[in-house]
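# Residue-level structural notes
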Amino acid sequence: MQKKYEIIPRIMWIPVVLALVINTIAYNGSRIFTTGWFHYDLSNRLDDFIPFMPWTVSIYLGCYAFWIVNYMIGCRQEREKAFRFMSADFFSKIVCLLCFLVIPTTNTRGVIVGDSIWDGLMRILYRMDAADNLFPSIHCLVSCFCVIAVRKNPKVPRWYKVVSFILAACICISTVTTKQHVFIDIVAGAALAEGSYLFVERSGFSRWYMDFVLRIAVRLSGRKAAQAGKT
């Protein structure tokens, strides 16, 4: 019998759900506490020289397809490597939550004067996304994880590794050309991705995370068996 094709291994759906939950808590949940607090502006002279380019909102918003594809690739690695990847993402979002609570940030956004489709999208983006929770940039953090997911994966062709690096770099640049972030947010996001990936392996956090997920999987499978027995 042919093996059933899976987009990602079944066991990796739990880390994916955990990643979405912790991301929501970090980015949106932190605002429950920080709304009304003093927010720091970490911009510097370099940010003053970076032009406001509304058309780059296409890169800023178009990144989600790239994220989905590369996170799928990261989850389809060998089990230990896949768990290291997802545990690093989980750990980094905990760090983001702490940063958003301890160092609430804001910035000065660009002045939108045109009527092009890009100007319209920038207005929508500014209305939907408040100018806070900037340090570190989750856009840059996740994009760097997309590079980590493929750079040492022998199953990924070299050309796609190069494309992933270029896309990640473009996304990072778009965060400052749309004035959604300042330069230091990019540096912090990239450093956090690399640091988290190294930390989870050396600290044993990756192993603990994998054991935790496996225990959840066992309990879920037990409940399904029990429900099937009742029917």
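Above: the structure in question.
None of the values given here were measured: they were computed from a predicted structure. Throughout, a residue's number is its position along its own chain's written sequence, starting from 1. With the structure being a predicted model, the display of local features is reserved for residues of pLDDT at least 70 and the display and counting of side-chain atom pairs for 80 or more, all residues being used for whole-chain, interface and lining totals. Think of the side-chain values as coming from all heavy atoms in the structure, minus any hydrogens and water.

Time to look at the overall build of the protein chain. Under the DSSP-based scheme used, a helix requires at least four consecutive residues in state H or I and a strand at least two consecutive residues in state E, with every element numbered from the N terminus. Tallying secondary structure elements over the protein chain gives 10 helices and two strands in all. Taken from N to C terminus, the helices and strands of the protein chain fall in the order α-α-β-α-α-α-β-α-α-α-α-α. C-alpha atoms of the protein chain, sized along the principal axes, occupy 65 × 45 × 40 Å. Across the 231 residues of the protein chain, 45% fall into the buried class. Accessible areas in this description were obtained via Shrake-Rupley with a 1.4 Å probe; residue shielding takes into account the shown protein chains only. By element, 67% of the accessible surface of the protein chain is carried by carbon and sulfur atoms, the whole surface being about 13,300 Å². When the 26 positive and 15 negative side-chain charges of the protein chain are each reduced to one mean point, those points stand 12 Å apart. Each residue's exposure class comes from its accessible area (1.4 Å probe, protein chains only) as a fraction of the maximum for that residue type: buried when under 20%, exposed when over 50%, partly exposed otherwise. Counting rule applied: Lys, Arg positive; Asp, Glu negative; His and chain ends not counted. Note on charges: their place is set at NZ of Lys, CZ of Arg, CG of Asp or CD of Glu.

So, about helix α4 (residues 57–75). Every helix has an expected span of 1.5 Å times one less than the residues it contains. Between the first and last C-alpha of α4 there are 28 Å, a value that for 19 residues agrees with the 27 Å anticipated at 1.5 Å per step. Of all the bends found along α4, the most pronounced is centred on C63 and spans about 35°. Along α4, the positions that sit buried rather than exposed are V57, Y60, C63, F66, W67, N70, Y71, I73, G74 and C75. The contact rule is simple, with two residues in contact once any of their heavy atoms fall within 4.5 Å. Buried residues along α4 sit in contact with α1 (13–29), α5 (79–102), α6 (117–128), α7 (138–151) and α8 (158–177). Bend is computed residue by residue as the angle between axes fitted to the seven residues ending at the residue and the seven residues starting at it.

Take the pattern of salt bridges next. Only one rule defines a salt bridge in this text: a Lys or Arg side-chain nitrogen within 4 Å of an Asp or Glu carboxyl oxygen. Tallied over the entire structure, the rule returns six salt bridges. Two residues, D129 and R31, come together in a salt bridge whose shortest N-O distance is 3.3 Å. Pair noted here: D129 is in the loop between α6 and α7 and R31 is in helix α2 (residues 31–34), with a separation of 98 residues, a long-range link. Accessibility classification places D129 together with R31 in one group, the buried group. Ionic pairing is found between D132 and R31, a salt bridge with its closest N-O pair at 2.8 Å.

Moving on to the layout of surface pockets. Any residue with an atom within 4 Å of a point lines the site, the site being either a cavity, points on a 1 Å grid over the protein atoms alone where a 1.4 Å probe fits but cannot get out, or a pocket, an open set with protein on both sides within 12 Å along at least 5 of 7 lines. Grid points are joined across faces, edges and corners, and a volume is the space filled by probe spheres set on the points. Computed from the structure, the largest pocket encloses a volume of approximately 980 Å³. Lining of the largest pocket is provided by 32 residues; of these, L20, N23, Y64, W67 and V142 occupy positions nearest its centre. Put simply, the parts of the chain that give the lining of the largest pocket at least two residues each are α1, α4, α5, α6 and α7. Classification convention: Asp, Glu, Lys, Arg as charged; Ala, Val, Leu, Ile, Met, Phe, Trp, Tyr, Cys, Pro as nonpolar; all other residues, Gly among them, as polar. Taken together, the residues that form the lining of the largest pocket break down as 22 nonpolar, six polar and four charged.

Orientation is described by lines fitted to C-alpha atoms, with helices fitted over the stretch in contact, and by angles between N-to-C directions that extend from 0 to 180 degrees. At a minimum axis separation of 8 Å, α7 and helix α9 (residues 183–203) run at an interaxial angle of 40°. The orientation of α7 with respect to α9, classified from their angle, is oblique. In this structure, α7 meets α9 at a crossing whose hand is right-handed. Taken together, the residues of α9 that come into contact with α7 (itself represented by C140, L141, C144, F145, I148 and R151) are I186, G189, A190, L192, A193, E194, S196 and Y197. The cut-offs work like this: below 35 degrees is roughly parallel, past 145 is roughly antiparallel, 65 to 115 is roughly perpendicular, and the gaps in between are oblique. Crossing chirality is assigned from the near helix's rotation relative to the far helix, an anticlockwise turn below a right angle marking it left-handed and a clockwise turn marking it right-handed.

Right, let's talk about the packing of aromatic side chains for a bit. Note on aromatic contacts: the rings of Phe and Tyr and the six-membered ring of Trp form a pair at centre separations within 6.5 Å, being stacked when their planes are under 30 degrees apart, edge-to-face when over 60 apart, and tilted otherwise. Counted by the stated rule, this structure contains 13 aromatic pairs. Relative to W208, the ring of F205 lies with its centre 5.5 Å away and its plane at 35°, an arrangement referred to as tilted. Here F205 and its partner W208 are both found in helix α10 (residues 205–230), three residues apart, which amounts to about one turn of the helix. Residue F205 is classed as buried on the basis of its relative accessible area, which comes to 17%. In this structure an aromatic cluster arises from ring pairing among F83, F90, F91, F199, F205, W208, Y209 and F212. Geometrically, a lysine NZ or arginine CZ counts as sitting over a ring once it is within 6 Å of the ring centre and also within 35 degrees of the ring normal. Looking at R31, its charged tip hangs above the ring of Y27, at a distance of 4.5 Å from the centre. A cation sits over an aromatic face here: R84 above Y197, 3.7 Å from the ring centre.

Its location among the elements puts S87 in helix α5. Overall, the relative accessible area of 0% leaves S87 in the buried class.

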